Amino acid sequence: MRNSLFLAAALTTTVLTAPAAVMADGHLMVVDEPLTLDVHLHDKSFTYDNNWPVELEAARMTGVSLNNVTIGNTPDSNEAFNLMLAAGDLPDIVGGKSIKDNVNRYGPEGAFIPLQDLIAEHAPNIAAVMAEKPEVFNSILAADGNMYFVPYLPDGKYGRAYFVREDWLEKLGLEVPQDVDELYEVLTAFRNGDPNGNGQKDEVPAFFRNWEEVLRLVTLWDGRTSGSDTYHDFHVVDGEVRHGYVGEGYKVGLEHVAKWYAEGLIDPEVFTRGSSARDFLLSNDLGGFTHDWFASTAGYNDSVAEAVPGFSFQAMVPPASISGVRMEEHRRIPVKPEGWAISFSNENPVETIKYMDFWFTEEGRRLANFGVEGEQYDLVDGKAVFTEEFLTNDRPVNSQLTDIGAQVRRGFYQDYNYEIQWTNEHALRGIDLYESGDYLIDQFLGVTFNEEEQSVYDKNWSSIRTYMLEKQQAWVLGSSDINADWDEYISTLDKMGLNEVLAAMQSAYDRQYGG
């Protein structure tokens, strides 16, 4: 058996015996003399800022400051990473969005330091979480069995849910749809019954802020679109890696999605309207049904209530599929391919891992999640509670937090309580509704390729994925027929190397998860 399968378990003993990097009484200093480390931390919407209040507070508490040397004026984190490599001078810490593949590719070549020994000796708080979540940390290991980055760990279970206009249902004398056939009847009634009462046939029965969500409807015909919180991802059935876009349920489901689109049940601008769809259609009393995030979507019950009297957009459990399965394909994944790593050129690896461990202490985790005490939150009975001023600001809470350096995708463990505080009663009621049923699927946590597998994936997957997406859009829009195209579609994917990609995925999966 590979060492990686026992990595987290082996650290359990270390947690009990290692000298603590930080103490429970608040002595969080990592160094005796101030230390500055260079950092590349990139996300599509920001790069690291030396003056983030959260970072200044972390420096005060630990004695370690980070200096931004992020390269590349680009929203693409992979491009920024490649520009950094091309510059030939790796900073002390490298992190940001989608770093897993890059670090696990170049770590075994010597660009980054394996972390498991450093964590065992100097990072008891990270080690404790690793021991608690061994399957999560096994999922991020490189092909050589080493751990090269400290990941960002999301918290909570529920992400997106189905929402329906209950005020429209009431006006039309309908009940919340319980299966795919009833959903079809409800959407048809939304189209034909003038539920907004303006005398025009302008309602958009089903709309989606992210166009990929229209594909999610194939689950109502027992199809699949993803195995994780990333669109178009692979999934696993009984240890076998598969892709949903070649499944029979996908074919049948997309045939019906195309039919619904042709009948005007789905937003005619679903592929072009973009992120404004939810705001525009709900604010103008036009949208009836969607699949989107609990907290932000339920928030429209407050923001739209004055403009649309009686407005009620409530979460509903997933409609049963043609075989009677209620499936919520989207959930919060327990680990993201994001975080930060220590480069080979770092002259202070022990101090750096202790600094990274700080973010897993009670105080560091609170800082990363809630911001600065006395500014964004107060401690009430030992718990962080956002101030009323902060919660009632016109800007979204998560945007305000990112602006000050909180909820930034460094290696840290998210606390779902930060989100609960700005989640309204409608969303909480919906979460309770989902909690009452067994709707969530198991997550595919991804794989790490060896050199040969990576070569197969890189050679084939991008063009395969592009072809898949082009065909599905043509089928939904009606410019091509899925039944007429299917055999040729499968044959083309075979010629493009899909089976080779699946074989590479399977090989990596078996190695990583002990199959």
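None of these values were measured; they are calculated from a predicted model.

Comments concerning the pattern of salt bridges
Applying the stated criterion across every chain, the model contains 25 salt bridges. Across the salt bridge formed by Asp292 and Arg209, the nearest N and O atoms sit 2.7 Å from each other. Of the two residues, Asp292 is situated in strand E10 (residues 287–293) and Arg209 in the loop between strand E7 (204–206) and helix H10 (212–215); the sequence distance between them amounts to 83 residues. Comparing Asp292 with Arg209, the two get one shared label, buried. One continuous salt-bridge network, built from bridges that share partners, spans Arg160, Glu213, Arg216, Arg224 and Glu329.

Overview of the environment of Asp292
According to the relative accessible area criterion, Asp292 is buried, its value standing at 1%. At 2.7 Å, the side chain of Asp292 and the side chain of Arg209 are in polar contact.

A word on the pairing of strand E11 (residues 313–316)
The two faces of E11 match: Phe313 and Ala315 on one face and Gln314 and Met316 on the other face are all buried. Across 4 bridges, strand E6 (residues 160–165) lies against E11 in antiparallel orientation. The residue bridging Tyr162 from the neighbouring strand is Met316, located in E11.

Remarks on the packing of helix H21 (residues 451–477) against helix H22 (residues 482–496)
At their nearest, the axes of H21 and H22 sit 11 Å apart, and the two run at 175° to each other. In terms of orientation, H21 and H22 fall into the roughly antiparallel class. Residues Asn460, Ser463, Ile464, Tyr467, Met468, Lys471 and Trp475 of H21 form the contact with H22, whose own contacting residues are Ile482, Asp485, Trp486, Glu488, Tyr489, Thr492, Leu493 and Met496. In the contact of H21 with H22, the residues fall into 9 nonpolar, 3 polar and 3 charged.

Concerning the packing of aromatic side chains
Aromatic ring pairs are described here by two measures, namely the spacing of the ring centres and the angle between the planes. Tallied over the entire structure, the rule returns 35 aromatic pairs. Judged by centre distance (5.8 Å) and plane angle (20°), the ring pair of Tyr162 and Phe289 falls under stacked. Of this pair, Tyr162 sits in strand E6 while Phe289 sits in strand E10, and the two are 127 residues apart along the sequence. With a relative accessible area of 2%, Tyr162 lands in the buried category. Centre to centre, the rings of Phe386 and Phe390 are 5.0 Å apart; their planes meet at 35°, and the pair counts as tilted. In this structure, Phe386 and Phe390 share a single accessibility class: buried.

Remarks on the sheet that holds E11
Taken in spatial order, the 4 strands make up an open sheet running E7-E10-E6-E11, and their pairing is mixed. Lying at the two open borders of the sheet, with one neighbouring strand each, are E7 and E11. Strand-to-strand twist across the sheet, computed as the mean angle between neighbouring axes with direction ignored, equals 35°. The sheet strands contacting helix H20 (residues 425–435) are E6 and E11, and the helix crosses E11 at an angle near 15°.

Re the pairing of strand E1 (residues 35–43)
Counting buried positions along E1 gives 7 out of 9 residues, so the element sits mostly inside the fold. As defined by bridge partners, E1 adjoins strand E3 (residues 64–68) across 5 bridges and the pair is classed as parallel. Each bridged residue has a counterpart across the sheet, and for Leu35 the counterpart in E3 is Val64. In this sheet, strand E4 (residues 93–96) lies alongside E1 in parallel orientation, the contact comprising 4 bridges. Across the sheet, residue Val39 finds its bridge partner in E4, namely Ile93.

Re unusual backbone geometry
Positive phi, close to 50°, is recorded for Asp194, a residue that is not glycine. Structurally, Asp194 is set in the loop between helix H9 (180–192) and E7. You can call Asp194 partly exposed: its relative accessible area is 26%.

Examining the environment of Leu493
Within the element layout of this structure, Leu493 appears in helix H22. The class of Leu493 is buried, set by a relative accessible area of 1%. Along the primary structure Leu493 and Ser463 are separated by 30 residues, whereas in three dimensions their C-alpha atoms are 9.7 Å apart. Setting aside anything within four residues of it in sequence, one finds Leu493 in contact with Val246, Ile464, Tyr467, Met468 and Leu498.

A short note on helix H18 (residues 397–404)
Within H18, the full set of buried residues consists of Val397, Gln400, Leu401 and Ile404. The buried side chains of H18 occupy one side of the element, clustering within an arc of 100° when seen end-on. Packed against the buried residues of H18 are helix H2 (53–62), helix H16 (362–370), strand E14 (383–386), helix H17 (388–391) and helix H19 (417–420). Two residues or fewer past H18, Gly405 is found with a positive phi of approximately 100°.

A word on the confidence of the model for the protein chain
Detailed reading of the predicted coordinates is not advisable wherever pLDDT falls low. With 95% of its residues at a pLDDT of 70 or more, the protein chain shows a mean pLDDT of 92. Contacts from residues 1–25, a stretch scored under 50 in pLDDT, to residues over four places away or in other chains number 46 contacts.

Concerning helix H11 (residues 248–262)
Under the 1.5 Å per step criterion, the end-to-end length of H11 is 21 Å for 15 residues, consistent within 8% with the ideal 21 Å. For H11, the full list of buried residues reads Gly249, Tyr250, Lys251, Gly253, Leu254, Val257, Ala258, Trp260 and Tyr261. Directly beyond the C-terminal end of H11, a positive phi value near 80° is found at Gly264.

What counts, and at which threshold
Residues numbered from 1 in each chain as written. Predicted model: local features only at pLDDT ≥ 70, side-chain atom pairs only at ≥ 80, totals over all residues. Heavy atoms only, no water. Salt bridge = Lys/Arg side-chain N within 4 Å of Asp/Glu carboxyl O. Helix = DSSP H or I, 4+ residues; strand = E, 2+ residues; numbered from the N terminus. Buried < 20%, exposed > 50% of the residue type's maximum accessible area, 1.4 Å probe, protein only. Polar contact = N/O pair within 3.5 Å; in protein donor to acceptor, adjacent residues only side chain to side chain. Pairing = 2+ DSSP bridges. Axes fitted to C-alpha atoms, helices over the stretch in contact; angles between N-to-C directions. Parallel < 35°, antiparallel > 145°, perpendicular 65-115°, else oblique. Contact = heavy atoms within 4.5 Å. Nonpolar A, V, L, I, M, F, W, Y, C, P; charged D, E, K, R; others polar. Phe/Tyr/Trp six-rings, centres within 6.5 Å; stacked < 30°, edge-to-face > 60°. Arc of directions from axis to C-beta. pLDDT = per-residue confidence, 0-100. Expected span 1.5 Å × (residues − 1).

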